[in-house]
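Spelled out from the first residue to the last, the chains are:
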Amino acid sequence: MYQTVGHTIIPLYEHAVGIPLYRRHISGSAINTGRDYEPSSDPNSRGEDETESLLFLLDEIKMAHPSANALCSGAIQSTYQRTRVESVAMRLGLLPLSYLWQYPSLPVPNPSSAGLLQDMAAVGLDARIVKVASGGLNESFLWGSLKDQALRNRLGQCVRKFGGSVLGEGGEYETLVVDGPVNFWKYRLQVDEEQRQVVKDEGGESWISFKAGAIVAKSGQADGDDQWQRRLNIPKLWDEAFSRLLNAQDEVINLANERGVGAFTCLPSQKRRAPGILVIRSSMTLTMSNVTATGPSTEIQMQNIRLIFLELLSNYHHSAEDVVFTMISLRFMEDFAAVNRIYATIFDKPNPPARVTVACGDDMPLNVNVMLHLRLDEGPPDARVGLHVQSRSYWAPANIGPYSQAIAIRLRCQGQETDGASLVYTAGQVPLVPASMQIYNTDTRKTADTDLAVFWGQVCLALQHLWRVSKSTGVTWWTYGIAFFVGNGKVDIRKQAMLPGLAWRKLHEPELWETERPQENDEIDLWEVKYGGHSTFANSVEELPLPAFGMRQTLKESELGGIFNAELPGFFAVQVDELPRGCKVEWHAPGLAGTNVRDFQRSKHPSFDI
């Protein structure tokens, strides 16, 4: 968790950047070595995890600086690092920030082949390698600057030959920053050669032992120099394909105006009493639907639902950790906060289930203010993988609450697990701008149909979030898509319903992705593929696109008897009264992940449910 090489130089930072420095002795060790972090509550545990030292240190800082309200992590693709910083931040009431998260896969204004390392160098960040611990990286790399193009090229060659991460996310190397943008760095650090000693350790590791260092004046830069800001590569909001989708606004609005009224039949809602609890068991999952309870208020109903659900879990020999997906249906979204507080007491472990929340108003059953639907995995817990990013970033909206962006479970066919194939349940995605967590409300073309234009923008952005989350979890094909949307009294509901349907169809047209296809000779960062954002849940070094159009022919030739729509995953547009945060659309789509999905689909008698 912590870097120790160069710790003797750290006191110089306080003077170099003019910010108070706080330090604390690290106690304990890496007790929880899992991918996702949870502090131990076992009094008989082997001791305190080293992560907790950060919590105590930050608590001291908060006392000294009561206005401190956020904690920034440098995690790029390391879930191990990010979840530990998030755990500490959330327990201290700090907002976790990870603006480098998934940076290599994000669109930037000035892309380069060297990616983040080049972008760091462009703004004047001088990071020196102080430790190497990977095949191909030897002591000749020590004290080399990542600003040096030649050094970055050598790093890339070693990664391609021996494997690993060119960004050092897998511990391949460690760095010490000695200089940066003049607005932040008043002085630079200097460590003369005689103050550095190379130490060769076991297992091929080499590192620098520092005797002393100094701060020196920065030359050739005037105070207030802001040239670096113009070179700062801040990720753009839109991926290229989704920018094209957004720019199809005029086309889709014209189609909706021309054909929307005749394209849909609106089904009237039916007033009925609450249906009974329905429990369905399959070879893979256990589904509990329509879980409701009586009570004079929504909060009391949810408290009683909690008791009923815990009893159901006991009766079916499951625990709350087996739940992988939930849907909450409310009468009024204003009750969500109270419901969520009780819900959080059920799912209080890392990687809670993915979740969709909608409010249905008077279409809810009589006397029912809240209804819970749940999907449980019947497989072993260690076969599940979750994605729960609580940090604010440029990637996708943070999930600050008891729900994950996605949970993957192993696919099983006729009771047998399929090698490497997973079913991924995604949380509902709403059109929040990730960096600010504000609702996207922009009409990019200032059209006469402003209401439809803003709605189209929200449809596209929420769909991009779904794509990014799904791609990060290795999804290659969605099984179906649902767009929950809130009606606008100024627009015919049938026209509005047509927009997400057109977005879903365009998303599955190869033409949208023509410039997005990876080239056969593209270089792959093997560490990133295995542990990073491209295939977090899939056991493969091959990065497949989403949608994976190469699967379509396989689907046509399979013997699934029409269970799947080979050309386009099924789509549903569902009108609701309200959605979280006042958004107008929420996307949900389960997906298939893993390189053996094709083999699974070729099987004659698949047996799984979504």
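The rules behind the values
Residues numbered from 1 in each chain as written. Predicted model: local features only at pLDDT ≥ 70, side-chain atom pairs only at ≥ 80, totals over all residues. Heavy atoms only, no water. Helix = DSSP H or I, 4+ residues; strand = E, 2+ residues; numbered from the N terminus. Buried < 20%, exposed > 50% of the residue type's maximum accessible area, 1.4 Å probe, protein only. Contact = heavy atoms within 4.5 Å. Areas by Shrake-Rupley, 256 points an atom, 1.4 Å probe, with all protein chains shown as cover. Polar contact = N/O pair within 3.5 Å; in protein donor to acceptor, adjacent residues only side chain to side chain. Salt bridge = Lys/Arg side-chain N within 4 Å of Asp/Glu carboxyl O. Core = buried A, V, L, I, M, F, W, Y, C linked by side-chain atoms within 4.5 Å. Pairing = 2+ DSSP bridges. Axes fitted to C-alpha atoms, helices over the stretch in contact; angles between N-to-C directions.

Undergrad: Describe the overall build of the protein, listing the residues and the values that go with them.
TA: Regarding its fold elements, the protein presents 15 helices and 23 strands. Counting all 610 residues of the protein, 52% fall into the buried class. For the protein, the proportion of contacts with a sequence separation of at least 24, taken over those separated by at least 6, is 77%. Counting every atom, the protein has about 28,100 Å² of accessible surface; 49% of that belongs to carbon and sulfur.

Undergrad: Describe the side chain of N399, with residues and values.
TA: By the element assignment, N399 lies in the loop between β14 (385–387) and β15 (406–413). Given the relative accessible area of 3%, N399 is considered buried. Of note is the side chain of N399, whose polar atom sits 3.4 Å from the backbone oxygen of S404. When residues no more than four places from it in sequence are discounted, the contact partners of N399 are H388, V389, Q390, S404, Q405 and A427.

Undergrad: So what about the pattern of salt bridges? Which residues, and what values?
TA: Under the definition given, this model contains 17 salt bridges. R35 is paired through a salt bridge with D36; the nearest N and O atoms lie 3.2 Å apart. In this structure, the salt-bridge partner of E52 is R91, at a minimum N-O distance of 2.8 Å. With E52 in helix α2 (residues 51–64) and R91 in helix α3 (residues 79–91), this residue pair connects regions lying 39 residues apart in the sequence. Overlapping salt bridges, with partners in common, bring together D322, D377 and R384 in one network.

Undergrad: I'd love a proper account of the nonpolar core, names of residues and values included.
TA: Among the nonpolar cores identified, the biggest contains 55 residues, and F242, W456, L463, W478, W504 and W587 are the most heavily contacted of them. Looking at this core, the elements with two or more residues in it are α7 (240–246), α8 (249–263), β15, α11 (450–472), β19 (475–478), β20 (480–486), α12 (493–507) and β22 (585–588). When residues in this core are grouped by element, the largest group, 12 residues, is from α11. Among residues more than four places away in sequence, those in contact with W504 are L463, L466, W478, Y480, G481, L568, P569, G570, F571, W587 and A589. Residues L12, V132, W185 and V191 belong to the second largest nonpolar core, which totals 32 residues.

Undergrad: Describe the pairing of strand β10 (residues 285–291), and please don't skip the residues or the numbers.
TA: Across the 7 residues that make up β10, a large majority, 7, are buried. Judged from the 4 bridges that link them, strand β9 (residues 278–281) and β10 form a sheet pairing that is antiparallel. Bridge pairing links V279 to M288 in β10. Where β9 folds back onto β10 in an antiparallel hairpin, the turn is made up of 3 residues. Bridge count between β10 and strand β13 (residues 370–377): 5 bridges; the pairing is antiparallel. Residue pairing across strands places L286 opposite L376, the latter belonging to β13.

Undergrad: Go over the sheet that holds β10 with me, naming the residues and quoting the values.
TA: What the 5 strands build is an open sheet, ordered β9-β10-β13-β11-β12; its pairing is mixed. Strands at the two margins of the open sheet, each flanked by one partner only, are β9 and β12 (354–359). On average, adjacent strands in this sheet sit at an angle of 10 degrees to one another, irrespective of strand direction. The strands that helix α9 (residues 298–315) touches are β10, β11 (323–330) and β13; relative to β13, the one it contacts most, it runs at about 25 degrees. Across the sheet, helix α10 (residues 336–346) lies against β11, β12 and β13, angled at about 155 degrees from β11, the strand it touches most.

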